[in-house]
Amino acid sequence: MKVLVLGNGGREHALAWRLAQGERVTQVFVAPGNGGTARDPLLKNVPITDVKALADFAVEQKIALTVVGPEAFLAAGVVDEFRARGLRIFGPTKAAAQLESSKAFAKEFMKRHGIPTAAYETFSDSTLAHAYVDAQGAPIVIKADGLAAGKGVVVAMTLTEAHEAIDWILADNKLGVVHNEGGARVVIEQFLEGEEASFIVLCDGKNVLPLATSQDHKRLQDGDQGPNTGGMGAYSPAPVVTPAVHARAMREIILPTVRGMEKDGIPYTGFLYAGLMIDKEGNPKTLEFNCRMGDPETQPIMMRLKSDLFDVMMAATSGTLDQVELQWDRRTALGVVMAAHGYPLDPRKGDVIQGLPKETEDAMVFHAGTAPQEGHTVTSGGRVLCVTALADTVKAAQAHAYDVLRHITFDGAQYRRDIGHRAVKG
C-alpha cells in the first residue's frame, strides 16, 4: 500500500521513516520532503504543497493513507479537502485545528471546559496590552494568536522584554505570525513555574491512545538560556511524567479536551499534543495545544516505537484505536538539534553539510532544514538536523548522540551541549 506524508521537517522525516518499515507499505511519498527524505531509497519526495493538488495526487496514486505533519496544512483545511474526496487522512479538520492555530480559541475552550491552564487575557490593542503587562508585572508570557512555526511564544522575564514582545507581535510582526481573521491578537498569560513535558496522544474522534512521554528543550543555549525556539533537542521517556502525573494528565486534560471538542460539535481526530507544565507537587497545567506531533519530540519517539505505525494509523482512521496497544523499546532515545547560523531569527541557508553518517540500529540523523544541491546536502532552514540515538540510560543516549554529532559539520552550526540534562542523574 502507498502512504503520503505531508511536510518537510524532521518530524515528517521521522514519521515517513517509521511508516516505510510497515509490512504492508510498498511506497512512502513525502510532500514536499527535504534533503534527508531525498537520500532515503525507501522514500520519494513529491514537490507539491497545494491542498487540492495533493488530493489529486492521492487519487491518482491510489494512496491508502495520508498523514499530516505540520500545522500549516491543517490550518489550510487539508483534512477537510481529503475527506470530501473520500480519501483516508489522519489529522484534525480545520475547525478542530483551531486548538493550535488560535491561542485565543484554545484558552477560551479550556476555560469553558474546566481544563487546567494559566490565567490569561487577550488583546488586539497594543496600548491595552502594554497597560495589562504593567499592571501584572514580570515574569509573564506573551503569545501570538496565530501560527508562528513554534516561535510565537515569548517568556518575558522583565517588563522590557514583555513590551518588546507585544510590539513584535502586534506592530512589527517580527516573529512572522500568520494572523487569524480579525487581525493581530496577543494572548498574555500568567507565568507558570515547574518542568515542561510533551504529552502526545492519538485520537480517532472518541478513543485516545497515548504515545511515549517526551521532553524537549525550547531555549537556544545551554542551561536553558537564550531565546525560545521550535525546540533544540528532546528525549523519551520523560522521567518528570510519573505514572501519577500521566494519569492526571489523561483524566484532567486529554480526555476532557477530546470530550469537549465532541460536545462542541468538532470531533477531534489526529495527533493531539498538550504542552504541560508540571509543578513541584506534580500538578499538571496546559501551556498549549498542538494539533500535530512535536518537533523534535517525534524523532526520539519514533526511534522507540516498535509497533507497525501504518497499522496504528489505519486503526486511528477507522475509529478503532481502543483495540491498539503500542509496543515500545525500553531504552531511552535522545535527539540533539543542529541549527543553522543565525537561528532562530535569521537562519542562513546554503551551507554544505559534511560527514552525514549511515543509519544504524541505534542512531539516526533526521533531516529538517536541508535540501539536495548539486550532489551535496545543504542547509535550507533554521533547524537543520536532529541527531538521535538509543541507549540504556539517558546519559548513555546523550553520549551516543553527541558522539555521532561531532562528525557532522556545516558552517555556523549551533547546537546545545546539554540535551537531557534534567534527566541525567548525578
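Here we summarise the structure given alongside this text. (Residues numbered from 1 in each chain as written. Predicted model: local features only at pLDDT ≥ 70, side-chain atom pairs only at ≥ 80, totals over all residues. Heavy atoms only, no water.)

Following both chains from N to C, one finds helix α8 (residues 126–136) and helix α9 (residues 159–172) inclined at 160 degrees, their axes separated by 10 Å at the closest point. Considering their axes alone, α8 and α9 lie roughly antiparallel with respect to each other. Our pair here, α8 against α9, has a crossing hand that is right-handed. Each of S126, A129, H130, V133 and D134 in α8 lies in contact with α9, whose residues at this interface are L159, A162, H163, I166, D167 and L170. The class makeup of the residues in the contact of α8 with α9 is six nonpolar, three polar and two charged. (Axes fitted to C-alpha atoms, helices over the stretch in contact; angles between N-to-C directions. Helix = DSSP H or I, 4+ residues; strand = E, 2+ residues; numbered from the N terminus. Parallel < 35°, antiparallel > 145°, perpendicular 65-115°, else oblique. Left-handed = near helix turned anticlockwise from the far one by under 90°. Contact = heavy atoms within 4.5 Å. Nonpolar A, V, L, I, M, F, W, Y, C, P; charged D, E, K, R; others polar.)

On to the pattern of salt bridges. One pass over the structure, following the stated rule, counts 23 salt bridges. Ionic pairing is found between R292 and E100, a salt bridge with its closest N-O pair at 2.6 Å. Taken together, the residues span a long stretch of sequence, with R292 in the loop between β17 (284–290) and α11 (298–304) and E100 in helix α6 (residues 98–101) at a distance of 192 residues. Here the two residues R292 and E100 agree in accessibility, since each one is buried. As a salt-bridge pair, R331 and E361 come within 2.9 Å of each other at their nearest N and O atoms. Of this pair, R331 sits in the loop between α12 (309–316) and β18 (332–339) while E361 sits in the loop between β19 (352–353) and β20 (363–367), and the two are 30 residues apart along the sequence. For E361, a relative accessible area of 58% gives the class exposed. Put simply, K52, D56, E81 and R85 are held in one network by salt bridges that share partners. (Salt bridge = Lys/Arg side-chain N within 4 Å of Asp/Glu carboxyl O. Buried < 20%, exposed > 50% of the residue type's maximum accessible area, 1.4 Å probe, protein only.)

In space, the four strands of this open sheet follow the order β11-β10-β16-β17, with antiparallel pairing throughout. Across the chains shown, the open sheet's two edge strands, defined by having one partner strand only, are β11 (208–210) and β17. Strand-to-strand, the axes of this sheet are offset by a mean angle of 35 degrees, without reference to chain direction. (Pairing = 2+ DSSP bridges.)

This paragraph deals with the packing of aromatic side chains. The tally for this structure, following the rule as stated, stands at five aromatic pairs. R417 extends its terminal NZ or CZ atom over the ring of Y415, reaching a point 4.4 Å from the ring centre. (Phe/Tyr/Trp six-rings, centres within 6.5 Å; stacked < 30°, edge-to-face > 60°. Lys NZ or Arg CZ within 6 Å of the ring centre and 35° of its normal.)

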